[in-house]
Amino acid sequence: MSFDDLHKATARALTSAVDEICEEFKIDGDDLKTLTEYFIESMEQGLKPLEDGESEETSKGLPMIPSFVTGKPNGTEKGTLLAADLGGTNFRVCSVNLKGDHTFSMEQTKSRIPDELLEDDSVTSSELFGYLARRTVLFMKKFHPEFFKEPGAESQKPLKMGFTFSYPIDQKSLASGSLIRWTKGFKIKDTIGKDVVKLYQEELNSHGLGMINVVALTNDTVGTFLSHCYSSGTADSLSSGEISEPVIGCIFGTGTNGCYMEKIENITKLPQEAREGLLNEGKTHMVINTEWGSFDNELKYLPTSKYDVDIDQKLSSNPGFHLFEKRVSGMFLGELLRNMLVDLHERGLMLNQYRTYNQLPHRLRTPFELSSEVLSHIEIDDSTGLRETELSLLQSLRLPTTPTERIEIQKMVRAISRRSAYLAAVPIAAILIKTNALNKRYHGEVEIGCDGSVVEYYPGFRSMVRHALSLSPIGSDGERKVHLRIAKDGSGAGAALCALVA
Ligand code: GLC
């Protein structure tokens, strides 16, 4: 065989291997139906108390964490409150001024969580929460220096703070909850089972910030939902004749998750006394943090390729858990592509200038090095010879590619993002069906408050979610009533709203 023939044969083999991968990543209307039905079942199961012999780890239901938030803000709430937000990538401290007219202003400092806190499993809780307290000191010095200058300032009225902690917790009240397990890369063992409000408050106290009182613990989805409720229903939207109701708060970013309001009578996992107490106070609904990242951990219906298995088992910090998140969220999209590239290289189908795995560029061999941002450039590259893709891969991974390889890489990127967006439609459709939200009012429309880098920046993500919604059991009639709204930085304002009612 001539060199040219060999080259063509390899290109053909690569195309057919990639087509096979893309085929495996397809999700159709039937899959969406099965997944949506199973999602509803998992929500219902998760609202019930654990059965005998069952633990959080083994339960087939979703975590469905009661948030102890029982009302929706209406936009008239007023006050200045502090908020701290530990997300997947950043830690933010903010001071939020709720103006009472659906708007708020915010001062904030944001820092990237240092890699050693994420990667090193010998790190202790006090190192993490000590870091959070030191960042809070810096924020207070910058925006509230009066607390450090005025004598006796410590004895002033305590400052209320809402703490957004976006990991699965066993929430016992509005202001306390213990960590069930880490997600999104954290590994610190001794935080598991501990009350994270206590850990943070203790470090604030020992860093001279005893005037801050952490009065509410919330999740980023709950924060996004509350801040979306607060901001919506403005004069502008009402005068346009739109009748839409916020029904879901969700995150599609480093991780993915969502919350909605459930009837208290259905939350049978809440002790009967607590449920009756709330009902007697006239409360009817409570926000539930579904922790949908954990959907179908037993892999009954989730599509599963060998790349999903490898990422979960060999590369993630929580094997066997959050398997839905590992197919949908930003943290894993690039990792899926990286695994595909390494595999196709090992099969001799691409990147053949490198003879062995060890010769591949170091960055291509490094787990989680390829970010979803790179995929977002490749997704929409229509330049000649996919030149943008070439530059993106050179810049991010120091990886040279041929035009033929780039065509196949773009196909894989699109398969990964499409599967992610189609799966993202499942919990949305399921919650809309379970709450009957689409039929509550004549012509009633619904709003989904969304935050996170993927839903905000990934090109075409929202339109792919919409397309999947129209193929899902809510159909195109249902899909037309759904508004996916970006509730940017909602979790800060949401934490402040939680602190206000605490
Ligand atoms: C992970 C966390 C969850 C959070 C989500 C989005 O799934 O477990 O609590 O809401 O990421 O940040």
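Residues numbered from 1 in each chain as written. Predicted model: local features only at pLDDT ≥ 70, side-chain atom pairs only at ≥ 80, totals over all residues. Heavy atoms only, no water.

- Per an unreviewed UniProt entry, the protein carries the name Phosphotransferase and comes from Zygotorulaspora mrakii.
- UniProt, in the comment section headed Sequence similarities (unreviewed entry), describes the protein in these words: "Belongs to the hexokinase family." (UniProt positions renumbered as here; feature names shortened; annotations may be inferred.)

## Remarks on the overall build of the protein
Move 1: The secondary structure content of the protein amounts to 19 helices and 13 strands.
Move 2: C-alpha extents for the protein along the principal axes are approximately 85 × 55 × 55 Å.
Move 3: For the protein, the residues scored as buried account for 54% of the 502 residues in total.
Move 4: Within the protein, residue pairs in contact and separated by at least 24 positions form 72% of the contacts whose partners lie at least 6 positions apart.
Move 5: By element, 50% of the accessible surface of the protein is carried by carbon and sulfur atoms, the whole surface being about 21500 Å². (Helix = DSSP H or I, 4+ residues; strand = E, 2+ residues; numbered from the N terminus. Buried < 20%, exposed > 50% of the residue type's maximum accessible area, 1.4 Å probe, protein only. Contact = heavy atoms within 4.5 Å. Areas by Shrake-Rupley, 256 points an atom, 1.4 Å probe, with all protein chains shown as cover.)

## A look at the pattern of salt bridges
Move 1: Throughout the structure, instances matching the rule amount to 21 salt bridges.
Move 2: Residue Lys434 pairs with Glu262 through a salt bridge whose shortest N-O separation is 2.6 Å. In this pair, Lys434 sits in helix 15 (residues 403-434) while Glu262 sits in strand 10 (residues 256-263), placing the two residues 172 residues apart along the sequence.
Move 3: Relative accessible area serves as the criterion here: at 4%, Glu262 is assigned to the buried category.
Move 4: Put simply, Glu335 and Arg338 hold a salt bridge, and the shortest N to O gap is 2.8 Å. Placement of the pair is Glu335 and Arg338 together in helix 12 (residues 330-346), with a separation of three residues, close to one helical turn.
Move 5: Residues joined by salt bridges that share partners form a network here, namely Asp19, Glu408 and Lys411. (Salt bridge = Lys/Arg side-chain N within 4 Å of Asp/Glu carboxyl O.)

## Overview of the pairing of strand 3 (residues 90-99)
Move 1: Extensive coverage of strand 3 is indicated by the burial of seven of its ten residues.
Move 2: Two strands pair when backbone bridges link them, and strand 2 (residues 78-86) and strand 3 are joined in this way by nine bridges, in the antiparallel orientation. Its bridge partner being in strand 3, Ala83 is matched across the sheet by Cys94.
Move 3: The antiparallel pairing of strand 2 with strand 3 creates a hairpin that spans three residues between the two strands.
Move 4: Here strand 3 pairs with strand 4 (residues 104-112) via nine bridges, running antiparallel. Paired with Arg92 across the strands is Lys110, a residue of strand 4.
Move 5: Hairpin connection from strand 3 to strand 4: four residues lie between these consecutive antiparallel strands, with Gly100 at a positive phi of about 85 degrees. (Pairing = 2+ DSSP bridges.)

## Concerning the nonpolar core
One recurring pattern in soluble globular proteins: nonpolar side chains tend to sit buried together.
Move 1: Among the nonpolar cores identified, the biggest contains 88 residues, and Phe252, Leu432 and Ile448 are the most heavily contacted of them.
Move 2: Here this core takes 16 residues from helix 15, the largest share from any one element.
Move 3: Apart from residues no more than four positions distant in its own chain, Phe252 is found in contact with Trp292, Val328, Ala424, Ile428, Asp451, Gly452, Ser453, Val454, Val455 and Phe461.
Move 4: With 38 residues, the next largest nonpolar core counts Val93, Phe129, Trp182 and Leu209 among its residues. (Core = buried A, V, L, I, M, F, W, Y, C linked by side-chain atoms within 4.5 Å.)

## Describing the sheet that holds strand 1 (residues 65-66)
Move 1: The strand order across the open sheet built from six strands is 1-11-10-9-12-13, with neighbouring strands paired in mixed fashion. Looking at which strands have only one partner, the edges of the open sheet turn out to be strand 1 and strand 13 (482-486).
Move 2: As judged from the seven bridges shared by strand 9 (residues 244-252) and strand 12 (residues 445-451), these two strands associate in the parallel manner. When the sheet's bridge partners are listed, Ile248 is paired in strand 12 with Ile448.

## Focus: the environment of Met161
Move 1: Mapped onto the elements of the fold, Met161 is located in strand 5 (residues 159-165).
Move 2: Here Met161 falls in the buried class, since its relative accessible area comes to 0%.
Move 3: With 49 residues separating them in the primary sequence, Met161 and Gly210 have C-alpha atoms 12 Å apart.
Move 4: Ignoring anything within four residues of it in the chain, the contact list for Met161 reads Leu82, Ala83, Ala84, Val93, Thr136, Tyr200, Ile212, Asn213, Val214, Val215, Ala216 and Ala499.

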